[in-house]
Amino acid sequence: MAQLVTIYGGSGFLGRYIARRMAQEGWRVRVAVRNPNDAHFVRPYGVVGQVEPLFCNIRDDASVAAVAQGADAVVNCVGTFDSFGKNNFDAVQAEGAGRIARIAAEAGAARMVQISAIGADPEGPSLYARSKAEGERRVLEAMPQAVILRPSVLFGPEDDFFNRFAGMARFSPAIPIVGANVRFQPAYVDDVAAAAVEGVTGRAEPGIYELGGPDVDTFRELMQLMLGVIRRRRLVISVPFWVARIMAAGLDGLERATLRLYRNGTLTRDQVRQLGRDNIVADGARGFAELGIAPVSMEAVLPEYLWRFRPSGQYTAIKDSARNLRD
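Reading the values: the criteria
- Residues numbered from 1 in each chain as written.
- Predicted model: local features only at pLDDT ≥ 70, side-chain atom pairs only at ≥ 80, totals over all residues.
- Heavy atoms only, no water.
- Axes fitted to C-alpha atoms, helices over the stretch in contact; angles between N-to-C directions.
- Helix = DSSP H or I, 4+ residues; strand = E, 2+ residues; numbered from the N terminus.
- Parallel < 35°, antiparallel > 145°, perpendicular 65-115°, else oblique.
- Left-handed = near helix turned anticlockwise from the far one by under 90°.
- Contact = heavy atoms within 4.5 Å.
- Nonpolar A, V, L, I, M, F, W, Y, C, P; charged D, E, K, R; others polar.
- Salt bridge = Lys/Arg side-chain N within 4 Å of Asp/Glu carboxyl O.
- Buried < 20%, exposed > 50% of the residue type's maximum accessible area, 1.4 Å probe, protein only.
- Arc of directions from axis to C-beta.
- Polar contact = N/O pair within 3.5 Å; in protein donor to acceptor, adjacent residues only side chain to side chain.

This part is about the packing of helix 5 (residues 162-171) against helix 10 (residues 298-306). Two elements in contact, helix 5 and helix 10, have axes separated by 12 Å at closest approach and are oriented at 55°. Judged on the interaxial angle alone, helix 10 and helix 5 are oblique. In the packing of helix 5 onto helix 10, the handedness of the crossing is right-handed. Facing Phe-162, Asn-163 and Ala-166 of helix 5, the residues of helix 10 in contact are Met-298, Leu-302, Tyr-305 and Leu-306. Across the contact of helix 5 with helix 10, the residue classes tally to six nonpolar, one polar and no charged.

Before going further, it helps to spend a moment on the pattern of salt bridges. All told, the structure shown has 18 salt bridges when counted by the stated rule. Of the charged contacts in the structure, one is a salt bridge between Arg-260 and Asp-82, with a shortest N-O distance of 2.7 Å. Taken together, the residues Arg-260 in the loop between helix 8 (241-257) and helix 9 (269-274) and Asp-82 in the loop between strand 4 (73-76) and helix 3 (89-106) connect sequence positions 178 residues apart. Relative accessible area serves as the criterion here: at 17%, Asp-82 is assigned to the buried category. Put simply, Arg-269 and Asp-252 hold a salt bridge, and the shortest N to O gap is 3.0 Å.

Quick look at helix 2 (residues 61-68) now. Within the sequence span of helix 2, burial applies to Ser-63, Val-64, Val-67 and Ala-68. Taken around the axis of helix 2, the buried residues stretch over an arc of 130°, which confines them to a single face. Facing away from the buried side of helix 2 by over 90 degrees, the exposed positions are Ala-62 and Ala-66. Put simply, Asp-60 is the residue that caps the front of helix 2, since its side-chain oxygen is 3.3 Å from the backbone nitrogen of Ala-62. Phi for Gly-70, located one or two positions after helix 2, is positive at around 80°.

Here's what the structure looks like:
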């Protein structure tokens, strides 16, 4: 019988790519999610019955155990940017990760891949960074042979980074950003999925891998690259950190005051603290090279999905060709 992997958060941005690759490897795939009815799109990744979405709440032992039974390996892709509520940083990224590792070990899973993030640091400035580091600690405590992947910002067709700012550029004459000079090393989502497959199959040595793409750019340079792809001229405005802190405090306060009827998806105080540090692979860290993966550049992928934000959408290239003929 084919081996079985349980992917917690397997219908999310990264999780779906891992699920597809594991199905292509011939594994049976359990996609453990809070809303399995919204995850049926993963079923066609394999043959009938090969990929199955199942309910799981990673804050509950019994729920995690139910989908871990019989799994040869597990992958934890669950993450959050929520500092409030039941699904906050500690509950999801620290306690949740530790719970998955502990129960997977008890269920007899041989391998685990934990998706963390560049910048995970027990002494980090943000709650996000500290909770990711605590999650890593708990995973390694339960499964010392785990593979931990720390990607930089992910890009790909479903990303919430380039798509978000490209959408803003359609209607706004300016793009305000915090930390214009902070450096990022964006990684293509399918490359990170390939790295996870190496961990699941045992082809990767245990330990921590920091995953960044071939290019290192400042936040401002990333916005200029995106604007070039969507062929729009917009002013990129650098918001000073002191202004950003005031804005974020107000938005966080509004979320608390409305008992979360308003959700702050714009800018939080924790995000401002995160933006004070570069998000790039550390010197000497193991990465894509050690996994035998050549990462794809942004220029090779961004035009494939950002074209819809161009002034003429899919017809931009045709119009340019027609203009050249007239000239």
